[in-house]
Amino acid sequence: MERINVFAVGCDDKLTEQLSSFSGFSLVGTAPDFDKAVKTFRLLAVSDRIPDAILIASSIRHDFHASHFATLVNDEHELTVLVIKNPDEEFCDDGFVYVCSPFTEPQLRESLCTATKIRNLKLGMDFLCRNGTSSTSREELDATVLNEQFKATRRLQQMMIATVQNTIEGIVLVNPQGRIEYLNKAFERIAGKKRSELIGKHIKYFESNKFSSSLLHALKKIAISHNPWKGNIRLDDGIYELFVGAIKDRDGNLLGYAAILADISSRRAVENKFIQEQKMDAVVTLAGGVAHDFNNIILALQANVETLMELRKPDEIGEKYFKRILAACEHAGLMVKKFLNLSRNIREEISMVSVGDTLREVTGMLEASVTEKISFELNIAPECKDIYANPGSVFEIIMNLVHNAMDAIKGDSGRIMISLEPVLIQSENSLGLAPGEYVRLVVADTGEGISDELAGRIFEPFFSTKKSGKGYGLGLSVVHQIVESLNGHIGLRSKPEECTEFHVYLPVGKQDNTTDTDLPQNQHSGPEHILWICELIAEESAELPAVLRASGYNVTIVCGAMEAMDMFNNNPLKFDMVISDKVIRAVDGRALFKHIFNIRPDIPAILFTRQTDTIEISLSVANKLVMLIKPVEEATFIDTVKILFSKRDLSARLMQTPEQ
Amino acid sequence: MANILVVDDDDDIRETLVDYMNARGHHAWGAGNGREAIDMVAKEHPDLLITDIIMPEKDGIQMIIETRKKFGDIPIIAMSGGGRIPASVYLAHAKALKGVKTLEKPFKVTALLKAVNELVNGAAGQ
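Notes on the structure in this doc start here. Computed from a predicted model, the values in this text were never measured in an experiment. (Residues numbered from 1 in each chain as written. Chains lettered and ligands numbered in written order. Predicted model: local features only at pLDDT ≥ 70, side-chain atom pairs only at ≥ 80, totals over all residues. Heavy atoms only, no water.)

### Let's talk about the overall build of chain A
Along chain A, the regular secondary structure elements total 18 helices and 22 strands. Expressed as a percentage of the 660 residues in chain A, the buried residues total 43%. For chain A, contacts bridging at least 24 residues in sequence account for 60% of all contacts bridging at least 6. Of the accessible surface of chain A, which amounts to about 37,000 Å², a share of 53% is contributed by carbon and sulfur atoms. (Helix = DSSP H or I, 4+ residues; strand = E, 2+ residues; numbered from the N terminus. Buried < 20%, exposed > 50% of the residue type's maximum accessible area, 1.4 Å probe, protein only. Contact = heavy atoms within 4.5 Å. Areas by Shrake-Rupley, 256 points an atom, 1.4 Å probe, with all protein chains shown as cover.)

This is the structure:
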């Protein structure tokens, strides 16, 4: 027989000894009072050794509160409590079950049984009181308990059904024969049919063949492998992930199948965008790495042909072929340049550019060279304002778009319509543009047009609809890149066999978003980042950067002007200040700083120099450039850095206030 | 006629330019990197240097500056095909020096010859 675990509170040694001697009982703990008892109980509870009953000396029975133990056992009523009274003590009807000391083992067992029964009864009574039933019979008690369980299950089921009903995933339940037993609202929407039309039908009768065949395929697979099936399917309105699994009862009998359809179109779009960005990154890396070698190869070819031509004075025929080689070399050189443009986000010679003037220039140039079958129509609104950009980039945008239009025109004749007009973009627009004044350039042609499918890929590098040899597929991706870098937008509208229209939006005036908005944010988040340029890593450079770091600045040390330029080019906005340990190799240093200030005219800089150095730095950024003569005191140095940063904050604020 | 040292780590370029300069009546020879070039300038005192910028061992800019320090104003033609950074940026360093001309690869050899002649004649004229 299993031993009964008891816990004694307030019992004297004699009683404790007696309890220990009973073979059917196990005294798991004792305590002099309830405070200590609760603590000991807690320890027992931790090791899952909650006793079956508490024996309480009658002298302290009034201190007992079941609630003390409530947190330690699942329910305070689960505790069986037995009060041990002295023989001379009078019985009092206070709800406790009593046993009279001294007692035998059977007596104790019997009293505990009674106490447990009464506890159970109390439990039932409480339960009934809570549920408002007056019946007290055991059967009814059981029935009520069952009913309660049933109710809970019902409630859970209802919740589940409501969830399935209303979830955004489409859900269909199919019987083992493939007939539809249930479908939720989302599925009705996807299938485009009412529930009543589909219930009882076989899945092969779904409108969409693609869906039916996928589902059938999935069911067959599951029938063989018993594993759930997962795959993507493209339906008319998007891409869905289809999950199909078998539903079985507890004994493993097949009840049916559940198919869940989740719309993953938007996830796909995000993934595609991400892949696209990765592709661009790859192109950029490739461009940089390959361009150098390509230029060498082209030069070697070209130089040798030229040498041959000069030294051998070829005849007429030879000359013709040599010239072809040279033309090809030149072409290759241009291609490398174009390719490199992709990878460069360096803002060179930015100034106010008139898009209208550039348009006239480009069309003037091209008109002279095109055959008569192509006619240009130019429509430039005179009120168009200038944009702030690299003139070469604007030229490249227009040149590429017009060239593209010319290539699109096949057959006898065609027209190219180019228009430029001012537009005001509101804050809520579908183009994703910042609100403000823009110019809209439209280049339209009456060429062969492009299908929607291809239109989506047209800005990818190396994507070309032209026959191989006709184009490199770089033109439009270059345009796209430039337009993006100017915070503009490019889109196209096309009707196959009829026309194609490219729309380019470019912000008017000095809308240098990167310096106006991104920069201050960048600067004020976290500690300032200082680029420390030195000539040799070991050379006296360790001390002052350490001082800077100790003052809470973030310092990146780079050796050599080239390396510094590289690092700066990679992420010009990363740094808030540039410090040159000493003026790096006269010429280098000057070019480096010129370059840095070209990209970030706002960046503060400190140059270390020696009194003996006679270097002229004629950079027009005097207010943010400080020359310090080495050796410099730490305090002076830190002060200089702080002053420069405070100046920068001031100028950043000034930049934000509209100036007239 | 000038003594010309052609510095480029690309064998094809170096040999082509050496041959071309020799064919045009100059005396040219080659070095594969900046370090080699410095040694040769010390030993053979060329009248003019034609150098690439991005090279192993010692790059063109380092070489030019060292040459200037050690051997004075030898006329120099710096050439570069660029890389991750445009050639013009690399060459901007070189351009800032007196007596340095720059060419972006690929260029026409006639343009190189013109630059050589200008520098040699200019130096002779001084």
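### As for a nonpolar patch on the surface
Residue and element names in this part refer to chain A. Side chains of Phe294, Ile297, Leu301 and Ile325 sit close together on the surface and give an oily, nonpolar patch of about 350 Å² of accessible area. Examining the composition of the nonpolar patch, we find that three residues originate from one element, helix α8 (residues 265-312), more than from any other. Inspection of the secondary structure assignment puts Leu301 in helix α8. With relative accessibility at 45%, the residue Leu301 sits in the partly exposed group. (Patch = residues over 30% accessible without salt bridge, like charges linked within 9 Å, V, L, I, M, F, W, Y side chains within 5 Å. Salt bridge = Lys/Arg side-chain N within 4 Å of Asp/Glu carboxyl O.)

### Quick look at helix α13 (residues 475-485) of chain A
Three or more residues of α13(A) are buried, namely A:Gly475, A:Leu476, A:Ser477, A:Val478, A:Val479, A:Ile482 and A:Val483. At the C-terminal side of α13(A), A:Asn487 shows a positive phi close to 60 degrees.

### Considerations on the packing of helix α2 (residues 34-44) of chain B against helix α3 (residues 60-71) of chain B
All names here are of chain B. Look at α2 against α3: their axes get within 10 Å of each other, and the N-to-C directions meet at 20 degrees. As judged from the angle between their axes, α2 and α3 are roughly parallel. The handedness of the crossing between α2 and α3 is right-handed. Along its contact with α2, which presents Gly34, Ala37, Ile38, Val41 and Ala42, the element α3 presents Met63, Glu66, Thr67, Lys70 and Phe71. Tallied by class, the residues present in the contact of α2 with α3 amount to six nonpolar, two polar and two charged. (Axes fitted to C-alpha atoms, helices over the stretch in contact; angles between N-to-C directions. Parallel < 35°, antiparallel > 145°, perpendicular 65-115°, else oblique. Left-handed = near helix turned anticlockwise from the far one by under 90°. Nonpolar A, V, L, I, M, F, W, Y, C, P; charged D, E, K, R; others polar.)

### Here's the deal with the sheet that holds strand β4 (residues 76-80) of chain B
One key point about sheets: their strands pair by backbone hydrogen bonds, in either a parallel or an antiparallel sense. Residues and elements named next belong to chain B. Pairing is parallel across the open sheet formed by five strands, whose spatial order is β2-β1-β3-β4-β5. Of all strands in the sheet, those bounded by a partner on one side alone are β2 (27-31) and β5 (100-104). Within the sheet, the average angular offset between the axes of one strand and its neighbour, ignoring direction, is 20 degrees. Pairing geometry for β4 and β5, over five bridges, is parallel. From the neighbouring strand, Ile76 faces β5, where its bridge partner is Val100. Docked against the sheet, α3 engages β1 (3-7), β3 (48-52), β4 and β5, running at close to 160 degrees with respect to β3. (Pairing = 2+ DSSP bridges.)

### Points about the pattern of salt bridges
Counted by the stated rule, this structure contains 15 salt bridges over all chains. The partner of A:Arg493 in a salt bridge is A:Glu501, and the shortest N-O contact between them spans 3.8 Å. Notably, a salt bridge pairs B:Asp52 with B:Lys105, separated by 3.4 Å at the nearest N-O pair. Taken together, the residues B:Asp52 in strand β3 and B:Lys105 in the loop between β5 and α5 (109-125) connect sequence positions 53 residues apart.

### Notes on the pairing of strand β2 (residues 25-31) of chain A
All names here are of chain A. Burial within β2 is extensive, with five of its seven residues counted as buried. As defined by bridge partners, strand β1 (residues 4-9) adjoins β2 across six bridges and the pair is classed as parallel. Across the sheet, the residue bridging to Phe7 is Gly29, located in β2. Taken together, β1, helix α1 (residues 13-21) and β2 form a β-α-β motif whose crossover is right-handed. (Right-handed = clockwise from strand over helix to strand, strands pointing away.)

Such coordinate-based values are descriptive only and should not be taken to indicate function.
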